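Geometric and topological summary
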Amino acid sequence: MTDLDTLVHAAAASFAEAPNPAELENAKARFLGKSGRVTELLKGLAQLPPEEKKARGAEINRAKQQVEAALQARRDALAAQELDAQLRAEALDVTLPGRHRGTGGLHPVSRTMERIEAIFGSMGFDVADGPEIETDWMSFTALNNPENHPARSMQDTFYVDLKDAEGRWLNLRPHTSPMQVRYARSHAARHAEALAQGRPIPEIRVIAPGRTYRVDSDATHSPMFHQCEGLWIGEHIAFKDLKAVFSDFLRQFFETDALDVRFRPSYFPFTEPSAEIDIAFASGPNKGRWLEVAGSGQVHPNVVRNFGLDPERYIGFAFGMGPDRLTMLRYGVDDLRLFFESDLRFLTQFR
Ligand code: DAH
């Protein structure tokens, strides 16, 4: 091996050891730089006698080309390595599942509310919304439930530390029934206009879904729950209409005709006669069992009077149902509290 071969090998070895382009440039300086080993050899040519100069010069130049080739090869290798690392770091795995924002879903009770609104809407019922903090008169007195009457304990509720204009504590409404009075009275001007023109008032046909409150808490009662009130008032609205409308609603709601509906005599201050509405399914886990789903009745003349209407002329029915109960029955949920605990494991099942 000549001294030049050794030099070329040494250069190639030190280029190969350079781990990155900066170190490679340092290695290059050691061989090809101004005072690098190859450069020094070329400078040394000057001392040689002319007859040796040519041959030695050609040998050194060949060695220099080999060193340059080794340098270029290492440069290319390092660049390829770097590109490779960069590609790996920035790799885009198109087979990964996408990151998406989870879609929300309606609460099961909201689904029920929407169903109730759609079904009654198709029967020509308006949908009304009203305050959850009520006056004593709206929650009780206007509904023929006078102060100190024991029937008030049927709807024991929470009170707000504020009094109304009559000096009575405001309450969290224990039922949606005040909406009967609010809705009828909100149309007083329309009613007066019709009556002044000798026409009957346009029929009142409304449902009022919403939150209600009572001092109650167990597997089937929650201090906050939902109700949906219904009211139909006209000149000839009879109990048979209540039976037809509500039975029709139930069959649509539960999507089955295999359903018995029973009107069981009961008592409410705001209706006379009054009835609880019970249903029994012909099949399923509750097969044959009577289940209470609503209170109802023919609106009491005193309440019609509080609507601002003449009870001798206007008559009709009202009902108040429990959407929470309907939701439990429709989906087979056995504990009401699940609806209000916000546990996603429960709620996402209804998405
Ligand atoms: N408000 C009653 C309750 O909370 C339910 C009810 C019964 C509503 C009879 C009515 C009705 O409109 O006519 O238990």
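The paragraphs below set out a description of the structure included in this document. Bear in mind that the values here come from a model prediction, so they are computed numbers and not experimental data.

1. As for the overall build of the protein
Broken down by element type, the protein carries 12 helices and 10 strands. The C-alpha radius of gyration computed for the protein amounts to 45 Å, which surpasses the reference 20 Å derived for 351 residues by more than 25%, pointing to a less compact arrangement than a globule. Projected onto the principal axes, the alpha-carbon positions of the protein cover approximately 140 × 50 × 40 Å. A burial count over the protein gives 40% of its 351 residues as buried. In the protein, which carries 42 positive and 49 negative side-chain charges, the distance between the mean positions of the two groups comes to 5 Å.

2. Considerations on the site of the ligand
Every one of the 16 residues lining the ligand counts as a neighbour, but H175, S177, R214, Q227 and E229 are closest to it. Between the ligand and the protein, one listed contact pairs an oxygen atom with a backbone N or O atom of F319 at 3.3 Å. Here the ligand has 350 Å² of accessible area as a free molecule, and 93% of this is covered by the chains. Contributing elements (two or more residues each) for the shell around the ligand: strand 6 (224-234), strand 9 (291-299) and strand 10 (315-321). Each residue belonging to the shell around the ligand can be placed in one class, and the counts come to four nonpolar, 10 polar and two charged.

3. A few points about the nonpolar core
In terms of nonpolar packing, the biggest core is built from 30 residues, with F120, F246, F249 and M321 touching the most fellow members. Those elements that place two or more of their residues in this core are helix 5 (108-122), strand 6, helix 9 (239-253), strand 7 (259-268), strand 8 (271-281), strand 9, strand 10 and helix 11 (323-331). For F120, the contacting residues outside a window of four places in its chain are F125, I207, V245, F246, F249, F319 and M321. M138, M179, I201 and A208 belong to the second largest nonpolar core, which has 23 residues in total.

4. Quick notes on the packing of aromatic side chains
Applying the stated criterion across every chain yields a total of 18 aromatic pairs. Each ring, one from F125 and one from W232, has its centre 5.7 Å from the other, and the planes form 80 degrees; the classification is edge-to-face. One end of the pair, F125, is in the loop between helix 5 and strand 1 (126-127); the other, W232, is in strand 6, and 107 residues separate them in sequence. A relative accessible area of 6% means that F125 is categorised as buried. Between the aromatic rings of F249 and F253, the centroid separation amounts to 5.7 Å while the plane-to-plane angle is 40 degrees, which identifies the pairing as tilted. Here the residue F249 and the residue F253 both occupy positions in helix 9, the gap between them amounting to four residues, near one helical turn.

Basis of the calculations
Residues numbered from 1 in each chain as written. Predicted model: local features only at pLDDT ≥ 70, side-chain atom pairs only at ≥ 80, totals over all residues. Heavy atoms only, no water. Helix = DSSP H or I, 4+ residues; strand = E, 2+ residues; numbered from the N terminus. Rg over C-alpha atoms; globule rule 2.2 N^0.38 Å. Buried < 20%, exposed > 50% of the residue type's maximum accessible area, 1.4 Å probe, protein only. Lys, Arg positive; Asp, Glu negative; His and termini not counted. Charge placed at Lys NZ, Arg CZ, Asp CG, Glu CD. Near = heavy atom within 4 Å. Polar contact = N/O pair within 3.5 Å; in protein donor to acceptor, adjacent residues only side chain to side chain. Areas by Shrake-Rupley, 256 points an atom, 1.4 Å probe, with all protein chains shown as cover. Nonpolar A, V, L, I, M, F, W, Y, C, P; charged D, E, K, R; others polar. Core = buried A, V, L, I, M, F, W, Y, C linked by side-chain atoms within 4.5 Å. Contact = heavy atoms within 4.5 Å. Phe/Tyr/Trp six-rings, centres within 6.5 Å; stacked < 30°, edge-to-face > 60°.

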